[in-house]
Amino acid sequence: MTILLKTASEVEAMRTACRLASEVLDLLTPFVKPGVTTLELDRIAHDHMTRVQGGVPATLGYQPPGYPPFPASICTSVNHQVCHGIPNERPLKNGDIVNIDVTIIKDGWHGDNSRMYVVGEGSIAAKRLCQITYEAMWKGIVKVRPGARLGDIGHAIQTFAEAAGYSVVREFCGHGVGRKFHEEPQVLHYGRPGTLEELKAGMIFTIEPMINLGRREIRELGDGWTIVTRDRSLSAQWEHTVLVTETGYEVLTLSAGSPPPPAFAQGAVATPA
Ligand code: MF3
Ligand code: CO
Ligand code: CO
């Protein structure tokens, strides 16, 4: 029951894996258009990770206890799907929203991130959900520094999302990440300030809030993986992998195509030169 602190050389390896994971999302961006299937996106991502990046898609065959092996190289969660959606042959259509979650293993280290994409022209409601969820993730990220607690992150995300009129999924959380896909700690996206584990420089974990337009309750589909909202309301999620630095945080899953941080994060950013 320990949270691993990464050494300088391990952090360097994580920077590489995480940048590659973000670059897969960059690569997919122009393909996310009406008519494309999520299976086509899976193929593009798989080929890039294996042939260009020299990595391994961490989700392909991933099988935690009690689950069937995940059959694809990315997760694609459309509209009321919350997370862990399995790519399929249905074309995306104008107005859909889709989360694409990419985890690559590079030289033994995992980089894990996801973004929302609006297919064609989205509704005001869909775009607002995606935007607020992005800002909710960053509300959590800016809390990260040595001495802060995990409850500070969860509280910041929850209060922001609920003030916007949305609900926070409780059953899934962020996680430590490194040589293993899912390590300690669990990073809840709700909670009370000043509670739970104290953050220390060298910790690396994901922050990946799932925010529903309606009620927070979820259910699992018969495929053993796909999670959907019980009320079939839209759901959004964004994910970054974050390092606790001596002075604050460094977002590791960044690349040329990453959306810029919100204004409230710009001044707080404690990334290295
Ligand atoms: N990438 C997801 C996460 O952020 C986990 C996906 S596991 C899978 O933790 F098997 F569904 F792909
Ligand atoms: Co994750
Ligand atoms: Co992920």
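Presented here is a report on the structure given in the accompanying data block. Quantities reported herein were computed from a predicted structural model and do not represent experimental measurements. (Residues numbered from 1 in each chain as written. Chains lettered and ligands numbered in written order. Predicted model: local features only at pLDDT ≥ 70, side-chain atom pairs only at ≥ 80, totals over all residues. Heavy atoms only, no water.)

Between its terminal C-alpha atoms helix α4 (residues 150-163) stretches 20 Å, which fits the 20 Å expected from 14 residues at 1.5 Å a residue. Within α4, 10 of the 14 residues are buried, which leaves it mostly tucked inside the rest of the structure. Buried residues of α4: L150, G151, D152, I153, G154, A156, I157, Q158, F160 and A161, and no others. As for α4, its buried residues are in contact with α3 (124-141), β6 (167-168), β8 (183-187), β9 (204-207) and β10 (210-212). Downstream of α4 by one or two residues, G165 has phi in the positive range, about 95°. (Helix = DSSP H or I, 4+ residues; strand = E, 2+ residues; numbered from the N terminus. Expected span 1.5 Å × (residues − 1). Buried < 20%, exposed > 50% of the residue type's maximum accessible area, 1.4 Å probe, protein only. Contact = heavy atoms within 4.5 Å.)

Further remarks concern the layout of surface pockets. Looking at the largest pocket, its volume works out to about 600 Å³. Every residue lining the largest pocket is counted, 29 residues in all, and those nearest its centre are H84, F172, C173, H175 and H182. Contributions of two or more residues to the lining of the largest pocket are made by β4 (97-106), β7 (174-176) and β8. With 4 residues, β8 is the single largest residue contributor to the lining of the largest pocket. In this structure, the second largest pocket encloses a volume near 250 Å³. As for the second largest pocket, its lining consists of 17 residues, and the residues nearest its centre are V78, Q81, N88, R90 and L92. Across the lining of the second largest pocket, the residue classes tally to 5 nonpolar, 8 polar and 4 charged. (1 Å grid on protein atoms, 1.4 Å probe; cavity = no way out; pocket = protein on both sides within 12 Å on 5 of 7 lines; lining within 4 Å. Points joined across faces, edges and corners; volume = space filled by probe spheres on them. Nonpolar A, V, L, I, M, F, W, Y, C, P; charged D, E, K, R; others polar.)

This next bit is on empty space enclosed by the protein. Following the criterion strictly, the structure yields 1 cavity of 30 Å³ or more and no others. Taken as a whole, the largest cavity holds about 50 Å³ of empty space. As for the largest cavity, its lining consists of S22, L25, N113, S114, R115, Y134, W238, E239, H240, T253, S258 and P259. Those elements that place two or more of their residues in the lining of the largest cavity are α1 (8-28) and β5 (109-118). Considering every element that reaches the lining of the largest cavity, the biggest residue donor is β5, with 3 residues. Among the residues making up the lining of the largest cavity, the classes are represented as 4 nonpolar, 6 polar and 2 charged.

If you look at soluble globular proteins, the nonpolar side chains tend to sit buried side by side. V144, I153, L199, F205 and I207 are the most contacted members of the largest nonpolar core, which totals 35 residues. Broken down by secondary-structure element, the contributors of at least two residues to this core are α3, α4, β9, β14 (240-244) and β15 (249-251). A total of 9 residues in this core trace back to one element, the largest contributor, which is α3. F205 has contacts with V144, I153, H175, G176, V177, V187, L199, H240, T241, V242 and V244, leaving out every residue within four places of it along the chain. In this structure, A21, M49, I74 and L92 belong to the second largest nonpolar core, which totals 19 residues. (Core = buried A, V, L, I, M, F, W, Y, C linked by side-chain atoms within 4.5 Å.)

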